[in-house]
Amino acid sequence: MNRWNMLAVILLIVLVGGCGPANPGGQDDTYFRRADSLLQLLSLEEKAGQMTNIGLTALTQGPFWNDFDTLLLDTAKMRHLLLEYHVGSIQNKGIYPPSREEWHRLIKTLQQYVLENSRHQIPLLFGIDAVHGANYTAGSTLFPHQIALAASWNPEMARITGEITAYEMRASSQPWNYAPVLDVSMQPLWGRLFETFGEDTYMNKVMGNAFIEGQQGTSLSDTTSVAVCLKHFVGYGTPFTGKDRSPAYIPEHYLRQYYIEPFRTGIEQGAITVMLNSGSVNGIPGHADRYLITNVLKGELGLKGFVLSDWEDVGRLASMHNVAHDSKEAAKIAVMAGLDMSMVPYDASFARHIVELVTEGEIPMSRIDDAVRRILYVKFRLGLFERPWHDPSGYTEFGSDAFAEKSYRAALEGITLLKNQDELLPLKNRNTRILVTGPASDALTALNGPWSRTWAGDDPTYDDPGKKTILQAMQDVYGTGNVVHTPGTGYEGEVESEAILWAKAAGVDAILVCLGERPATEKPSDIDELDLPSNQLELVKRLHKSGKPIILATLQGRPRILRDIEPLAGAIFHAYWPGHEGGRALASLISGRENPSGKLPYTWPRYSGTLHTYQHKGSDKLDGEFGTEGFHPQWEFGHGLSYTNFTYSGLEVSADTLNTGEELVLRVNIRNTGPYNGKEVVQLYLRDLVASITPDDRKLIAFEKIHLASWESTTLEFTVKYEDLQFVDLNNQWIAERGDFELLVGGLPSDMLKSGFFYTGKTP
Ligand code: BGC
């Protein structure tokens, strides 16, 4: 077949395939048919290239890790990687964040190059981490990180974040997002906790699905939809030591009950690609686990698209995990385990290994065909053959005030008021004089955290003009003359003297201290202890001696131990990494312009060495006979205060027994009995009193965020399903056991209404 015949075949495939709604069942056949037809035309080398994903800077002038402020494509590298090795997927960026026009130039040039020079004109698939907005495009909207979205307990915040991020990604010609992170994390030491939806499985499912819905829309080929990549399958978020990319030990029944579930529901929701866990679970590296990748992810969960490795992780089967002798054997192990595409990302060695391994009979062609078919299917569904790039000028709402307003609302709903002694807050009087201090008080990087313009997100060179730090936002609310500032200390290092601090505090009515972590992710976010650095604690101690009321705000993505300074603060906010509008949001909450409604999506430990999660077991509750405490965290999962009060009453459950397959209806009245309008998160937990596997203290089975004006009331109804009673037994089956259960409903874990019922174990 010559080049023109081939073009005609492809055109025919495109025309027959058509556009229209992408996801619904029947259409999948069309996309797979198109993939199959194209697959038949590919050589082994071309197939291996499709399975290879390299870094953008492997195609640009200069070294891979350059610090240029313009990326110039290198034609020799393009010829080598895109034509000689047929590489089919590209990802990431250099150091600085390109504008959307520059993204357009880069991606269009690469796509045109492939379309004009390659045999089959298969467009490249470009992937990137747009984990809280299109964070690697200059001027994009930066949202709160996932953990802060979870703290909103409002799935709409996750959906909107997903939707706007997709729009701004396509404005940057980026069709594929390495998000959301669906790693349930029960390990507060782990530095990537902020990238997750927290420690609860149900929360991860609900928020994950809302985000996916926003990203993928009704059709992946829409000019405002992108493909998600769920990550990191599976168990990555609960490493035993808390260090990134380190071993987890999770029995299969727990893997299934807590960790696989969000991936299962995400794939049901239409998630089309999945990235693997860089670490290991029960001694098997995530990239070598045939059972989990092929049997569970592709088989049971039914992933239709493809499985991507994490960064360099195929090679690391040899260089880090020691389950392969060299990178070629590593490639064989990973591909035979079910991996479809390798994020190499420096060169085409993986493609070379694949060709050799197939030629030597080490990998059957059927496995390669399966992988490439899945990859082509995704490319067809994304509409890349029809539109390999997008005109950025068509995206007029990119970085708009309207989008910033959505980010502001998301930040407002997530920021969590942990303590408010004697109603210190809100500070409604606009003439209040305030000292604003602390390492996070005057930095945009402290609001956005990692994955913001740069990977670490700690470089102010890339600050967006016009965005407000906490200090600036406080000045806007209270007036520049009323707001005094001093840094106090850095994330680490010296603390200003008491003399200086007290002098600054002398004329003020209150002190806002903004503490936190220097933005970091992955390995650089590893820590050796959960305590905040001592200089930050010392700052609060010195300020406390001034006698002025202290409001503490923590800007960080995991709980750090506050035990010693908690009593010194009258009010405490946990702001997570709330994004670009987080400074404004915090100032609005402090001043009472808005009422806090966030709730913790993780348990906040009191001690560095006592790391319970809310699911803890009965034995965790035992107070030690020798002075240690049982389950006694600083603040519980689900805790978060409002300026108003919500009173619960009239709990009714439709029956006191439940049979297999049946449902119960729970009703409860909620009244806003305080002086402010506000939002409340109504939480419903289930407690299994006796089970053959020691039951969790409680399990979140539903929640709803409602708005009530002062003295307004409402009645909420929740359905409790038979499935809610189930857990995974030692045969890895979901079962429910006959016996007594309790339902707990309320807005604060310390204050819940309770009702019981009996599950008969009988099928009616
Ligand atoms: C991270 C992934 C990320 C990838 C690409 C890896 O190091 O673990 O979460 O998607 O890099 O940037």
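Reading the values: the criteria
Along each chain, numbering runs from 1 in the same order as the chain's sequence is written. The model is predicted, so local features are restricted to residues of pLDDT at least 70 and side-chain atom pairs to those at 80 or more, both for listing and for counting; the totals for chains, interfaces and linings are taken over all residues. Excluding hydrogens and water, the side-chain figures rest on all heavy atoms present in the structure. By definition, any uninterrupted DSSP run of H or I lasting at least four residues is a helix, any uninterrupted run of E lasting at least two residues is a strand, and each is numbered from the N terminus. When a carboxyl oxygen of Asp or Glu is within 4 Å of a side-chain nitrogen of Lys or Arg, the pair counts as a salt bridge. When accessible area is computed with a 1.4 Å probe and restricted to protein chains, residues below 20% of their type maximum are described as buried, those above 50% as exposed, and intermediate ones as partly exposed. By convention here, the domain bounds are inherited from an automatic or database domain assignment. DSSP-based pairing: two strands are paired if at least 2 bridges between them are found. Simply put, an axis is a line fit to the C-alpha atoms, just over the touching stretch for a helix, and the angle between two N-to-C directions goes from 0 to 180 degrees. Any two residues having at least one pair of non-hydrogen atoms within 4.5 Å are treated as being in contact. Any angle that is under 35 degrees is reported as roughly parallel, and any over 145 degrees as roughly antiparallel; angles of 65 to 115 degrees are reported as roughly perpendicular and all others as oblique. Each crossing gets its hand from how the near helix is turned against the far one by less than a right angle, where anticlockwise is left-handed and clockwise is right-handed. Under the convention adopted here, Pro, Cys and the residues Ala, Val, Leu, Ile, Met, Phe, Trp and Tyr are nonpolar, Asp, Glu, Lys and Arg are charged, and Gly plus all remaining residues are polar.

A. Molecular detail of unusual backbone geometry. Here Ala179 and Pro180 are connected by a cis peptide whose omega angle stands at 5°. Mapped onto the secondary structure, Pro180 falls in the loop between strand E4 (176-177) and helix H8 (201-216). Going from Lys231 to His232, the amide bond is cis rather than trans, its omega being 0°. Assignment of secondary structure puts His232 in strand E5 (residues 227-233). The residue Trp711 is not glycine, and still its phi comes out positive at about 70°. Locating Trp711 in the fold gives a position in the loop between strand E21 (699-708) and strand E22 (713-721).

B. Looking closely at the pattern of salt bridges. Scanning all chains against the criterion turns up 56 salt bridges. Residues Arg373 and Asp36 are paired through a salt bridge, measuring 2.6 Å at the closest nitrogen-oxygen approach. In this pair, Arg373 sits in helix H14 (residues 365-381) while Asp36 sits in helix H2 (residues 25-41), placing the two residues 337 residues apart along the sequence. Taking the relative accessible area as the measure of exposure, Asp36 reaches 27% and is therefore partly exposed. Between Arg256 and Glu300 there is a salt bridge, with its nearest N and O atoms 2.8 Å apart. Of the two residues, Arg256 sits in helix H9 (residues 252-268) while Glu300 sits in helix H10 (residues 290-300), which places them 44 residues apart along the sequence.

C. Main features of the domain arrangement of the protein chain. The assigned domain composition of the protein chain is domain 1 (42-390), domain 2 (407-591) and domain 3 (646-759). Distance between the C-alpha centres of domain 2 and domain 3: 35 Å.

D. Here's a closer look at the sheet that holds E4. Strands sit in the order E9-E6-E5-E4-E3-E2-E1-E10 across an open sheet of eight strands; the sheet is parallel. Each end of this open sheet is capped by a strand with a single partner; those strands are strand E9 (307-308) and strand E10 (342-343). As defined by bridge partners, E4 adjoins E5 across two bridges and the pair is classed as parallel. Looking across to E5, one finds that Trp176 is bridged to Ala227.

E. View of the sheet that holds strand E13 (residues 483-486). If you trace the six strands from one edge of the open sheet to the other, you get E11-E16-E15-E14-E12-E13, paired in mixed fashion. At either margin of the open sheet sits one strand with a lone partner, and together these are strand E11 (416-420) and E13. Averaged over all adjacent pairs, the angle separating strand axes in this sheet is 20°, with direction ignored. Where strand E14 (residues 510-516) lies against strand E15 (residues 550-555), six bridges are found, and the strand directions are parallel. Paired with Ile511 across the two strands is Ile550, which belongs to E15. Against the sheet, helix H18 (residues 498-505) makes contact with strand E12 (434-437), E13 and E14, and its axis sits at roughly 165° relative to E13, the strand it touches most. Helix H19 (residues 534-544) rests against E12, E14 and E15 of the sheet, and its axis sits at about 175° to E14.

F. Expanded view of the packing of helix H7 (residues 155-170) against helix H15 (residues 401-414). Put simply, H7 and H15 touch, their axes get as near as 10 Å, and they point 150° apart. Relative to H15, the element H7 lies roughly antiparallel. Between H7 and H15 lies a crossing of left-handed hand. Here H7 contributes Met157, Ile160, Ile164, Tyr167 and Glu168 to the contact with H15, which in turn contributes Phe403, Lys406, Arg409, Ala410 and Glu413. Of the residues contributing to the contact of H7 with H15, the split by class is six nonpolar, no polar and four charged.

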